[in-house]
Amino acid sequence: MKEYIEERAVEIANYIIENNATVRQTAKQFGISKSTVHKDVTERLLQIHPGLAAEARKVLDMNKSERHIRGGLATKEKYLHQHSGIYS
């Protein structure tokens, strides 16, 4: 594996852990695809630094388990803003 890929995988994991970031947020921050973020954390980092990979995985798993809640809240906000002009 190329050195820059290893460094990126470690940077990505640290970013996820420090910011409690989602795959989407991380991809946007680093200018890479969501699939690259996922592959870096779940496959590449596991070979380089298994402990860091496990920590990052915990954050990603927690975010995944909460995503339906965030989605529902986002939808609620969207409709509150759309309909607020009607009743005011």
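### Topic: the pattern of salt bridges
Any two side chains of opposite charge can pair, on the condition that their charged atoms come close. Evaluation of the coordinates by the stated rule reveals four salt bridges. Residue K39 is joined to E43 by a salt bridge in which the shortest nitrogen-to-oxygen separation is 3.4 Å. Placement of both K39 and E43 in helix α3 (residues 34-48) is noted, with a separation of four residues, approximately one turn of the helix. By relative accessible area, K39 is classed as partly exposed at 36%. For E43, a relative accessible area of 46% translates into the label partly exposed. Residue D40 pairs with R44 through a salt bridge whose shortest N-O separation is 2.5 Å. In this pair, D40 and R44 are both assigned in helix α3, four residues apart and thus about one turn of the helix distant. What you see here is one network of salt bridges that share partners, running through R8, D40 and R44.

### Re α3
Because each turn of an α-helix spans 3.6 residues, side chains separated by three or four positions in sequence point in the same direction. Compared with an ideal rise of 1.5 Å per residue, which puts 15 residues at 21 Å, α3 spans 20 Å between its outermost C-alpha atoms and is within 8% of the ideal. The sharpest bend along α3 measures roughly 40° and falls at D40. Buried within α3 we find V37, D40, V41, T42 and L45.

### Topic: the environment of A27
Relative to the helices and strands, A27 resides in helix α2 (residues 23-30). The buried category is assigned to A27, whose relative accessible area is 5%. Between the alpha carbons of A27 and V37 there is a distance of 6.2 Å; along the sequence they are 10 residues apart. If near-sequence neighbours (up to four positions away) are discounted, A27 is found in contact with I32, S33, K34 and V37.

### So, the packing of helix α1 (residues 3-19) against α3
For the pair α1 and α3, interaxial distance at closest approach is 9 Å and the crossing angle is 110°. Of the possible angle classes, the one that applies to α1 and α3 is roughly perpendicular. Contacts from I5, E6, R8, A9, V10, I12, A13 and I16 of α1 reach α3 at T36, V37, D40, V41, R44, L45 and I48. Partitioning the contact of α1 with α3 into residue classes produces 10 nonpolar, one polar and four charged.

Reading guide: rules and limits
- Residues numbered from 1 in each chain as written.
- Predicted model: local features only at pLDDT ≥ 70, side-chain atom pairs only at ≥ 80, totals over all residues.
- Heavy atoms only, no water.
- Salt bridge = Lys/Arg side-chain N within 4 Å of Asp/Glu carboxyl O.
- Helix = DSSP H or I, 4+ residues; strand = E, 2+ residues; numbered from the N terminus.
- Buried < 20%, exposed > 50% of the residue type's maximum accessible area, 1.4 Å probe, protein only.
- Expected span 1.5 Å × (residues − 1).
- Bend = angle between axes of the 7 residues up to and from the residue.
- Contact = heavy atoms within 4.5 Å.
- Axes fitted to C-alpha atoms, helices over the stretch in contact; angles between N-to-C directions.
- Parallel < 35°, antiparallel > 145°, perpendicular 65-115°, else oblique.
- Nonpolar A, V, L, I, M, F, W, Y, C, P; charged D, E, K, R; others polar.

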